[in-house]
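Summary of the model geometry
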Amino acid sequence: MADGQYVQLLRLRLGVPCVMPPAQWRCNCASHGGPRHSAYVESAVERAAEANQDDHQQQAASFATDPCHGLYCKRRWKRVMRRHDSIRDSLARTLELGLFKDVRATVEPRVPNPQTGADLRRGDIKVHQGGTTWILDIGVVCPGTQRYVDQGSQTTPGRAAEAYAAIKAAKYADQPNFVPFIVETGGYINRRAHLFLDTLRGSQGSRPAADSRTQGYFRGPSPQDVALRGVMQALVRIQAYMLADIVVAIPAVDLAIEAVV
Ligand SMILES: [Zn+2]
């Protein structure tokens, strides 16, 4: 990982803005329409962007009012999509490792609609275990946007993830085993996603799911920990790149760097 990316990784982890002090910098995305709806743009793009779509402002974003803008800038939608796909692929890979007994995972299946039989909605991962099938839909949401701050995301961990999980769950209400798997840009993962991993683990042998973490403490990481660690690695790698790149693409004075040079 390049120095600039590592600096941004640490800043994001510590809650330090990507430039210091947060500048009256303006992003170059104000007039950009975001992804075009042409044949090569999959519906995955829309899903990847929908978490923060209401936060795309008409006027240019500023680091002063929008310090995490680089994590969901609509002009940089390909990175937003890549972050989503990278998390999806990491999770699917871990589920296929055999750590969770008898689990099979398939990426991006069609989601059938019981009424019409032809629903175009697609989950991200279909998971099978012991005759049960779940549909997972991955989402990434930034708790630093005004919409979620207004809902208390800056004081309550997970507020943004749980709010977005509820929206996804409502959209798939007709799917019995639907699991919204929502990751906040800061790393929080929604409760339903944790419960789902515990469920996959819990059906392994007679040991209840609640013991899996204690077991992990003595015997190395639990399968759930391995899965979540993979998701975190996918998240921080691309986000470090997103922030490092946007402060180079649209330079701003950074006194935190200049002070030590
Ligand atoms: Zn932008």
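For clarity, every value in this text was computed on a predicted model and none was experimentally measured.

Calculation criteria
- Residues numbered from 1 in each chain as written.
- Predicted model: local features only at pLDDT ≥ 70, side-chain atom pairs only at ≥ 80, totals over all residues.
- Helix = DSSP H or I, 4+ residues; strand = E, 2+ residues; numbered from the N terminus.
- Buried ≥ 20, exposed ≤ 12 C-beta atoms within 10 Å, placed from the backbone.
- Contact = placed C-beta atoms within 7 Å.
- Expected span 1.5 Å × (residues − 1).
- Axes fitted to C-alpha atoms, helices over the stretch in contact; angles between N-to-C directions.
- Parallel < 35°, antiparallel > 145°, perpendicular 65-115°, else oblique.
- Left-handed = near helix turned anticlockwise from the far one by under 90°.
- Pairing = 2+ DSSP bridges.
- Nonpolar A, V, L, I, M, F, W, Y, C, P; charged D, E, K, R; others polar.
- Core = buried A, V, L, I, M, F, W, Y, C linked by C-beta atoms within 7 Å.
- pLDDT = per-residue confidence, 0-100.

**Focus: the overall build of the chain**
- In terms of helices and strands, the chain carries nine helices and four strands.
- The order of helices and strands in the chain, counted from the N terminus, is α-α-α-β-β-β-α-α-β-α-α-α-α.
- Across the 261 residues in the chain, those meeting the buried criterion constitute 38%.
- A separation threshold of at least 6 residues defines the contact pool for the chain, and within that pool the share at least 24 residues apart is 68%.

**Focus on helix H5 (residues 159-171)**
- Between its terminal C-alpha atoms H5 stretches 19 Å, which fits the 18 Å expected from 13 residues at 1.5 Å a residue.
- Tucked inside the fold, the buried residues of H5 contact strand E3 (132-141), helix H4 (146-149), strand E4 (178-184) and helix H6 (191-202).

**Some remarks on the packing of H6 against helix H8 (residues 223-249)**
- Close contact between H6 and H8 brings their axes to 9 Å; oriented N to C, the two are set at 140°. On the basis of the axis angle, H6 is oblique to H8. In the crossing of H6 with H8, the sense of the turn from one axis to the other is right-handed. The residues of H8 that touch H6, namely those facing Leu 197, Asp 198 and Arg 201, are Pro 223, Gln 224 and Ala 227.

**Remarks on the sheet that holds strand E1 (residues 103-107)**
- Overall, mixed pairing links the four strands, which are arranged E1-E2-E3-E4 in an open sheet. Of all the strands in the sheet, the pair left with one neighbour each is E1 and E4. Taking the axes of each pair of neighbouring strands and ignoring which way they run, one obtains an average angle of 25° across the sheet.
- As paired elements, E1 and strand E2 (residues 125-129) share five bridges and run antiparallel to each other. When the sheet's bridge partners are listed, Arg 104 is paired in E2 with His 128.
- Helix-sheet contacts for H5 involve E3 and E4, and the interaxial angle to E4 is about 150°.

**Some points on unusual backbone geometry**
- A cis amide bond links Met 20 to the next residue, Pro 21, at an omega of -10°.
- Looking at the secondary structure, you find Pro 21 in the loop between helix H1 (3-14) and helix H2 (43-50).
- The backbone of Asp 102 sits at a positive phi, close to 60°, despite the residue not being glycine.

**Some words on the packing of helix H3 (residues 77-95) against H8**
- One can describe the packing of H3 onto H8 by two numbers: an axis separation of 9 Å at closest approach and a directional angle of 160°. Between H3 and H8, the angle is such that the two are roughly antiparallel. With respect to the hand of their crossing, H3 and H8 are arranged in right-handed fashion. Seen from H3, the contacting residues are Arg 79, Arg 82, Arg 83, Ser 86, Ile 87, Ser 90, Leu 91, Thr 94 and Leu 95; seen from H8, they are Val 226, Ala 227, Gly 230, Val 231, Ala 234, Leu 235, Ile 238, Gln 239 and Met 242.
- Across the contact of H3 with H8, the residue classes break down as 10 nonpolar, five polar and three charged.

**Side note on the pairing of E4**
- Among the seven residues of E4, six are classified as buried, and the element is accordingly described as predominantly covered.
- Summarising the sheet, E3 and E4 pair through seven bridges and their orientation is parallel. Along E4, the bridge assignment pairs Ile 138 with Phe 181.

**Focus: the environment of Gly 4**
- Mapped onto the secondary structure, Gly 4 falls in helix H1.
- When the C-alpha positions of Gly 4 and Ala 240 are compared, they lie 8.2 Å apart, and in sequence the two are 236 residues distant.

**Some thoughts on the nonpolar core**
- Of all hydrophobic cores here, the largest spans 58 residues; its most connected members are Ile 87, Leu 95, Leu 136, Ile 182, Val 231 and Leu 243.
- Put simply, the parts of the chain that give this core at least two residues each are H3, E1, E2, E3, H5, E4, H6 and H8.
- Of the residues forming this core, the biggest block, 13 residues, is contributed by H8.
- Here Leu 243 is in contact with Gln 8, Leu 12, Cys 18 and Gly 70, once residues within four sequence places are set aside.

**Re the environment of Tyr 164**
- Its place among the elements puts Tyr 164 in helix H5.
- Sequence separation of Tyr 164 and Val 140 is 24 residues, and the distance between their C-alpha atoms is 8.9 Å.

**Some details on the confidence of the model for the chain**
- Looking at the chain as a whole, its pLDDT mean stands at 81, while 76% of the residues score no less than 70.
- The element-level mean pLDDT for the chain is lowest in H2, coming to 50, with E4 highest at 96.
- Taken together, the stretch residues 205-209 has pLDDT below 50 and engages in five contacts with residues farther than four places along the chain or on a different chain.

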